[in-house]
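Chain by chain, the residues:
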Amino acid sequence: MKSLANSFITLALGSIALAAASLVSAQDNAPTFYADALPVFQKNCVACHQPEGPSVGGISAPMPLNDYQQAKAWAPMIKNALITGYMPPWGAHERHRGEFKDERYIDKKELNLLLAWVDGGALEGDPNDAMRAEALVANGAGTVLPESGWWIGEPDLVVEFEAPVYVPDAVKDWQPTIQMMVPEGAHENPKWISRTELNTGGPWVHHIVSSHMGVGVPGRGPFSYPEGWGVLLPENPFVTVNMHYHKNPGEGTAVEDNTSAGFVFYDDGEIIDHVVETNLLPHAGWTIPPGDPNYEVNNTYDIEEDIYLLSMGPHMHYRGKAMRYELEYPDGEREVLLWVPDYDFNWQFLYEYKEPKFIPAGSTMHMSWWFDNSDANRFNPDSTASVEYGPATTDEMANARIYYAPTTRRGIVVGEALPEDVLKMAREDDRIRRERATLYDPTSDDFSWLEEDSR
Ligand code: HEC
């Protein structure tokens, strides 16, 4: 026993010596901002964390990370955001690496380097080392916004709020659905959407879920369909955005928001082979018990014809915890299409395949949602409530939006007569949207809900 204890002591002493040695060398070679951290920030963070740059989608992150003073000031928060996985923001599990467009994963090595930089005292180093970093400019960062002010090029149609939306001093979080007006006479004939873009009013816009323009989250570029894929925008369409305003409340913080959106249409003579359809796949009829930390809800959806799946957009509210799309092929084989292990309502991601995914007729989609209605969920508005499907953010939702198209090529020539079924579907979708929308009405909203919130 004694010799064992002795060898423990020797071992312990040994590792103290070792720790001391590595401390010394850490001081010598501690990572510096310019040589080590900046290239990693450039690659993983600066697309969103930059000063006046091309705020893609208009939505902005709180501080630039290509600025030493800022990065140093935020160093403890950076460590925390990295350890918790809050940054870089992305919901899909590691297993999906390489599958979706605009994915945001940080390599383990790079993550460790940033942690070492913070732990080493967030040293500045030699600005000349920045040359190396510049070679590694992140996707989109540093690109110059075209003169038109739109990444999609000069839009064929621009839609805007009827009047600027007033976001009062007291607002911290607010999510109104607002109509975007199509200028009189600007869209009297159906057209095929090729690309769309949200041009947000300012940094107080945290994210946007739109009826036609995809999802606007920080750092996300415009929304474009693959060539030959499109959606028909019928005449005089009903276009809406669900805005998520987020700012520090207080005296003098009120803003007027002027978000707009642009569309680029296919030109006459181009061919539409795949007419994109979308399905919200909402699932209701369940009740989450008060306090339940892990309530599971399941639904299935039968795929009746061969399709190409373009993208998936899980949607829950503040109690949303995790979500999974799983495909059961006709032969019984199963494949997880999307696993979001740590769902965050604040980030409405749309997971778009790099290559549309073929799904054969006869397959079944199995969708599962998990909710945390306990107090351990810091976003939970009320853990004593029994919660059902509903539109308010204090209700819940279990949606599994998909964008897809039948595999059969349509060969529609843009500008020639539209197939009856396509036109009918586009108009029907528009009618349903109009009917179901709960729009914000500036003439009747007296913002009394702000007082209720602050109880
Ligand atoms: C897709 C855009 C995007 C990317 C990429 C991104 N961030 Fe962020 N980041 C944001 C936004 C937006 C916020 C504000 C979040 C909020 O209000 O909750 C934020 C907030 C933060 C915060 C403050 C967190 C807090 O608790 O207040 C830190 C620290 C941070 N980011 C670090 C990073 C680092 C480090 C990286 C790269 C490894 C990174 N971010 C990548 C958009 C991004």
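Residues numbered from 1 in each chain as written. Predicted model: local features only at pLDDT ≥ 70, side-chain atom pairs only at ≥ 80, totals over all residues.

1. Here's the deal with the overall build of the chain
The secondary structure content of the chain amounts to eight helices and 23 strands. Going through the 455 residues of the chain one by one, you find that 34% of them count as buried. At a minimum sequence separation of 6, the contacts of the chain that also span at least 24 residues come to 82%. (Helix = DSSP H or I, 4+ residues; strand = E, 2+ residues; numbered from the N terminus. Buried ≥ 20, exposed ≤ 12 C-beta atoms within 10 Å, placed from the backbone. Contact = placed C-beta atoms within 7 Å.)

2. Quick word on the pairing of strand 9 (residues 229-233)
Regular strands show a simple pattern: their side chains alternate between the two faces of the sheet. Of all five residues making up strand 9, five are buried, and the element is well covered by its neighbours. Residue alternation in strand 9 divides its side chains into two sets, W229, V231 and L233 and G230 and L232, and both sets are buried. Strand direction decides the pairing type here: strand 5 (residues 191-199) and strand 9, joined by three bridges, are antiparallel. Residue pairing for strand 9: K191 is matched across the bridge by L233. (Pairing = 2+ DSSP bridges.)

3. Overview of unusual backbone geometry
Along the chain, M87 connects to P88 via a cis peptide bond; the corresponding omega equals -10°. In this fold, P88 is placed in the loop between helix 4 (75-83) and helix 5 (108-119). The phi dihedral of A122 is positive, around 50°, even though this residue is not glycine. Its place among the elements puts A122 in the loop between helix 5 and helix 6 (130-134). Even without glycine at this site, N236 takes up a positive phi of about 40°. Mapped onto the elements of the fold, N236 is located in the loop between strand 9 and strand 10 (239-246). Note on N236: 14 C-beta atoms within 10 Å, which makes it partly exposed.

4. Some remarks on the sheet that holds strand 19 (residues 334-340)
On the basis of which strands lie adjacent, the open sheet formed by four strands has the order 16-21-18-19 and antiparallel pairing. Sheet topology places strand 16 (295-302) and strand 19 at the edges, where each strand pairs with a single neighbour. Each adjacent strand pair in this sheet contributes to an overall mean axis angle of 15°, direction not counted. Pairing analysis gives eight bridges linking strand 16 to strand 21 (residues 364-371), with the strands arranged antiparallel. When the sheet's bridge partners are listed, N299 is paired in strand 21 with M367. (Axes fitted to C-alpha atoms, helices over the stretch in contact; angles between N-to-C directions.)

5. Re the packing of helix 2 (residues 33-44) against helix 5
Two numbers describe how helix 2 lies on helix 5: the axes approach to 9 Å, and their chain directions differ by 130°. The angle between helix 2 and helix 5 places the two elements in the oblique class. In this structure, helix 2 crosses over helix 5, and the sense of that crossing is left-handed. Contacts from D36, A37, V40 and N44 of helix 2 reach helix 5 at E110, L113, L114 and W117. (Parallel < 35°, antiparallel > 145°, perpendicular 65-115°, else oblique. Left-handed = near helix turned anticlockwise from the far one by under 90°.)

6. With respect to the sheet that holds strand 15 (residues 277-279)
Judged by pairing direction, the sheet is antiparallel, and its four strands sit side by side in the order 15-22-17-20 without closing on themselves. Here the strands that pair on one side only, and so sit at the sheet edges, are strand 15 and strand 20 (351-359). Averaged over all pairs of adjacent strands, the angle between their axes in this sheet comes to 30°, without regard to strand direction. Note that strand 17 (residues 307-315) and strand 22 (residues 399-406) share eight bridges and pair antiparallel.

7. Quick look at helix 5
Think of an α-helix as turning once every 3.6 residues; residues three or four places apart then point the same way. Taking 1.5 Å per residue as the helical rise, helix 5 with its 12 residues ought to reach 16 Å, and the 16 Å between its terminal C-alpha atoms agrees with that figure. Of the residues making up helix 5, those classed as buried are L114, W117 and V118. Projection of helix 5 onto a plane perpendicular to its axis shows the buried side chains occupying an angular sector of 100°, all on one side. Helix 5 presents K108 and K109 as exposed residues on the side facing more than 90 degrees away from its buried surface. (Expected span 1.5 Å × (residues − 1). Arc of directions from axis to C-beta.)

8. Some words on the confidence of the model for the chain
Per-residue confidence for the chain averages 86 on the pLDDT scale, and 85% of its residues sit at or above 70. Across residues 1-26, where pLDDT falls below 50, the model places one contact with residues more than four positions away in sequence or in other chains. Scored below 50 in pLDDT, residues 136-142 shows 19 contacts in the model against residues more than four places distant or in partner chains. (pLDDT = per-residue confidence, 0-100.)

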